[in-house]
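Report on the structure
In case you want the letters, here they are:
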Amino acid sequence: MTPKQESESLMDEMLPFAKHMLGSYGAFPPFGGLIKMDEQIVLLGAGPPDELSPRRDLVDVLSNGFRARALTGEIRAAAIVAHVTVPLSGQPGEVDAVRISLDHHEGYAVHVFFPYQKDGTMVTFAKPFASPGTSFAFRGEAFPS
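Within each chain, residue numbers correspond to sequence positions counted from 1 in written order. For this predicted model, a pLDDT threshold of at least 70 governs which residues receive local features, and a threshold of 80 or more governs which side-chain atom pairs are given and counted, while totals over whole chains, interfaces and linings are taken from all residues. Heavy atoms from the whole structure form the basis of all side-chain values; hydrogens and water molecules are not counted.

As a further point, take the overall build of the protein chain. Helix and strand definitions here come from DSSP, where helices need a minimum of 4 consecutive H or I residues and strands a minimum of 2 consecutive E residues; each element is numbered from the N-terminal end. Scanning the protein chain from terminus to terminus reveals two helices and eight strands. When the helices and strands of the protein chain are read in sequence order from the N terminus, they spell out α-β-β-α-β-β-β-β-β-β. Residues counted as buried form 41% of the 145 residues belonging to the protein chain. It only takes one pair of heavy atoms within 4.5 Å for two residues to be counted as in contact. For the protein chain, restricting intrachain contacts to residue pairs at least 6 apart in sequence, the fraction spanning at least 24 positions comes to 51%. Reported accessibility uses the Shrake-Rupley method at a 1.4 Å probe radius. Residues are deemed covered only where the shown protein chains occlude them. Element-wise, carbon and sulfur atoms account for 52% of the exposed surface of the protein chain, whose accessible area totals about 7800 Å². Any residue under 20% of the maximum accessible area for its type is buried, any over 50% is exposed, and the rest in between are partly exposed; the area is computed with a 1.4 Å probe on protein chains only.

Our focus in this paragraph is the pairing of strand 1 (residues 31–36). With respect to burial, strand 1 is a largely interior element, five of its six residues being buried. Here strand 1 pairs with strand 3 (residues 75–87) via six bridges, running antiparallel. The residue of strand 3 that forms the bridge with Lys36 is Ile75. Two strands pair under a simple rule: DSSP has to find at least two bridges between them. The pairing of strand 1 with strand 2 (residues 41–44) spans four bridges and is antiparallel. Looking at strand 2, one finds that Gly33 is bridged to Leu43. Counting the residues between successive antiparallel strands, the hairpin from strand 1 to strand 2 contains four residues, one of them, Glu39, with a positive phi of roughly 75°.

Turning our eyes to something else, we now look at the packing of aromatic side chains. Geometry of an aromatic ring pair is reported as the spacing of the ring centres plus the angle between the planes. Here a pair means two rings of Phe, Tyr or Trp (six-membered ring of Trp) with centres within 6.5 Å. Their orientation is stacked below 30 degrees between planes, edge-to-face above 60, and tilted elsewhere. Here the structure, examined in full by the defined rule, presents six aromatic pairs. With 5.0 Å between their ring centres and 90° between their planes, Phe17 and Phe31 make a pair best called edge-to-face. Within this pair, whereas Phe17 is found in helix 1 (residues 3–25), its partner Phe31 is found in strand 1, the two being separated by 14 residues in sequence. Its relative accessible area of 34% is what places Phe17 among the partly exposed residues. For Phe31, a relative accessible area of 6% corresponds to the buried category. Between Phe114 and Phe125, the ring centres sit 5.8 Å apart and the planes meet at 70°, which makes this aromatic pair edge-to-face.

This part covers the nonpolar core. Here the nonpolar core consists of buried residues drawn from Ala, Val, Leu, Ile, Met, Phe, Trp, Tyr and Cys, with membership extended through side-chain atoms lying within 4.5 Å. The biggest cluster of nonpolar side chains holds 22 residues, and the ones touching the most others in it are Phe28, Val81, Val98, Ile100 and Leu102. When residues of this core are traced back to their parent elements, those giving at least two are helix 1, strand 1, strand 3, strand 4 (94–104) and strand 5 (109–119). Excluding residues that lie within four positions of it along the chain, Phe28 makes contacts with Ala18, Met21, Leu22, Val81, Ala82, His83 and Val98. Core analysis: the second largest hydrophobic core is formed by eleven residues, Val42, Val59, Ile75 and Ala78 among them.

Set out below in structure tokens:
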């Protein structure tokens, strides 16, 4: 599997949980996932929500945890999932989206955005789009998608 394919398999495991949280609760705190060296996929939270409040802090907690695991050689890939608003090309204003930031130990880093609409508990994703990401677990430098 290529780094992109492996990262996409992690993303495919993360997106259904984000969709469930949006449908059930309308939002979610950032959460993460990783692929261990034995190819096992694990979903992770950043910690007890009452102890960690600002969204940015949760992303930092996840990033620091992934960095520590990467330094020990425990993981192949990592993902951070967050609820964001993004501008859409050719449309005024911003839309809600799920952003999945992916980082692979072989130098692949990308942000994938899934714009969505919510009607009651039904969540419908529009066509996703991607942008180059920054390694948050393995290097700390930008990589092209």
